[in-house]
Amino acid sequence: MTEVSKIRVGLVDDQALVRTGFAMVIDSQDDMKVVLEASNGKIALERLTVVPADVILMDIRMPVMDGLEATATITSKPLPTGVSPKILILTTFEEEEYIMGAVQAGASGFLVKDAPPDQMLEAIRTIHRGDAVIGPSSTKKLVEKLAKEATAMRATDPHILDGLTEREIEVLKLVAQGLTNGEIAKTLTVAEATIKTHIGHIFYKLGARDRVQAVVLAYEAGLVRPGDLT
């Protein structure tokens, strides 16, 4: 794989040992490379103005600027590089109260800090391709929590889905239940490329950045309920 086609990864964590460990694992892969490291959100923002990154592993608790503020800033406006990174939040179960804030800030997924290396690598690939960010069991638990908070924070509004076709609603429900594109295609007996097209339309119509935000909207619309994740 050429350097140009590799997934460009940024590591933002105030612990140098954590960044070093992640970098060793990531750089050992043929399809990805670490392009920037930062010890806080402010430094990350400065470097992102000149260094394009596809996926950023973002810690939550950092000095100067924390992960939530940095995520909100990164996702709120185009960067000078023309590349809009997807944010993978590094978290622990003790930090679940931050999860809804991270989603609202524009995070695309979550990775438990002590996750095994293969899960971290798969999470990076998953986030990069915009596929099933609700894969690992740890992420399912976190999404369950944010979904419960989403439905508790506001009344169910089915009109959220008014612009979707019947088939798109069917696909969104399966997305919200945690199925991958391949699993949805098998369930509906259609080509996976067709599902990808439907999901692209769903994101556009809902104004959703990725699957996590689409799932939250599905809960808010009453299409699915907490406990429906497979």
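Predicted model, so just to flag it, every value in this text is computed and none were measured.

Caption draft 1: Looking closely at the overall build of the protein chain. Tallying secondary structure elements over the protein chain gives 10 helices and 5 strands in all. Each of the 230 residues in the protein chain was classed as buried or not, and the buried ones make up 50%. The long-range share in the protein chain, meaning contacts at least 24 apart out of those at least 6 apart in sequence, stands at 68%. Accessible surface computed for the protein chain: about 10500 Å², of which carbon and sulfur atoms make up 54%.

Caption draft 2: Looking closely at unusual backbone geometry. Despite not being glycine, Val64 has its phi angle at roughly 65°, a positive value. Here the phi dihedral of Thr189 falls at roughly 55°; this positive angle occurs in a residue that is not glycine. The residue Thr189 is located in the loop between α8 (181-188) and α9 (192-206) in this model. You can call Thr189 exposed: its relative accessible area is 70%.

Caption draft 3: Layout of the UniProt feature "modified residue: 4-aspartylphosphate" (unreviewed entry) in the protein chain. Mapped onto this numbering, the UniProt entry annotates "modified residue: 4-aspartylphosphate" (unreviewed entry) at Asp59. Counting through the fold element by element, Asp59 comes out in strand β3 (residues 55-59). Residue classification places Asp59 among the buried residues on the basis of a relative accessible area of 3%.

Caption draft 4: Seen up close, the packing of helix α7 (residues 166-176) against α8. Viewed as axis vectors pointing N to C, α7 and α8 meet at an angle of 130°, and their least axial separation amounts to 10 Å. On the basis of their axis angle, the class for α7 and α8 is oblique. Relative to α8, the crossing made by α7 is right-handed. Residues Arg167, Glu170, Val171, Leu174 and Val175 of α7 form the contact with α8, whose participating residues are Ile184, Thr187 and Leu188. Along the lines of polarity and charge, the residues of the contact of α7 with α8 split into 5 nonpolar, 1 polar and 2 charged.

Caption draft 5: Highlighting the sheet that holds strand β4 (residues 86-91). Ordered in space as β2-β1-β3-β4-β5, the 5 strands form an open sheet in which the pairing is parallel. Strand pairing shows two members of the sheet lacking a second neighbour, β2 (32-38) and β5 (109-112), which therefore form its edges. Adjacent strand axes in the sheet meet at a mean angle of 25°, parallel and antiparallel pairs treated alike. Along the sheet, helix α3 (residues 67-76) contacts β3 and β4; its crossing angle with β3, the most-contacted strand, is approximately 155°.

Caption draft 6: Main features of the pattern of salt bridges. Inspection of the entire model under this criterion finds 9 salt bridges. Taking the shortest distance from any N to any O, the salt bridge between Asp54 and Arg8 comes out at 2.9 Å. Here Arg8 lies in strand β1 (residues 7-12) and Asp54 lies in the loop between α2 (41-48) and β3, a separation of 46 residues in the sequence. Look at Asp54 and you get buried, because its relative accessible area is 13%. When its relative accessible area of 23% is taken as the criterion, Arg8 is described as partly exposed. Taken together, the salt bridges that share partners define one network made up of Asp13, Asp59 and Lys113.

Caption draft 7: Fine view of the packing of α7 against α9. Direction vectors running N to C along α7 and α9 enclose 95°, while the axes themselves pass 10 Å from each other. Judged on the interaxial angle alone, α9 and α7 are roughly perpendicular. Residues Arg167, Glu168, Val171, Leu172 and Val175 of α7 pack against Ile195, His198, Ile199, His201, Ile202, Lys205 and Leu206 of α9. Of the residues in the contact of α7 with α9, the class split is 7 nonpolar, 2 polar and 3 charged.

Caption draft 8: Examining the nonpolar core more closely. The biggest cluster of nonpolar side chains holds 25 residues, and the ones touching the most others in it are Leu161, Val171, Leu172, Ile184, Ile195 and Leu206. Of all elements in the fold, only α7, α8, α9 and α10 (211-220) reach the threshold of two or more residues within this core. In contact with Val171, not counting residues within four places along its chain, are Ile184, Leu188, Ile195, His198, Ile199 and Ile202. The next biggest cluster of nonpolar side chains, apart from the first, holds 24 residues, and it includes Ala38, Met58, Ile60 and Val212.

Here is what the cut-offs are and how they apply
- Residues numbered from 1 in each chain as written.
- Predicted model: local features only at pLDDT ≥ 70, side-chain atom pairs only at ≥ 80, totals over all residues.
- Heavy atoms only, no water.
- Helix = DSSP H or I, 4+ residues; strand = E, 2+ residues; numbered from the N terminus.
- Buried < 20%, exposed > 50% of the residue type's maximum accessible area, 1.4 Å probe, protein only.
- Contact = heavy atoms within 4.5 Å.
- Areas by Shrake-Rupley, 256 points an atom, 1.4 Å probe, with all protein chains shown as cover.
- UniProt positions renumbered as here; feature names shortened; annotations may be inferred.
- Axes fitted to C-alpha atoms, helices over the stretch in contact; angles between N-to-C directions.
- Parallel < 35°, antiparallel > 145°, perpendicular 65-115°, else oblique.
- Left-handed = near helix turned anticlockwise from the far one by under 90°.
- Nonpolar A, V, L, I, M, F, W, Y, C, P; charged D, E, K, R; others polar.
- Pairing = 2+ DSSP bridges.
- Salt bridge = Lys/Arg side-chain N within 4 Å of Asp/Glu carboxyl O.
- Core = buried A, V, L, I, M, F, W, Y, C linked by side-chain atoms within 4.5 Å.

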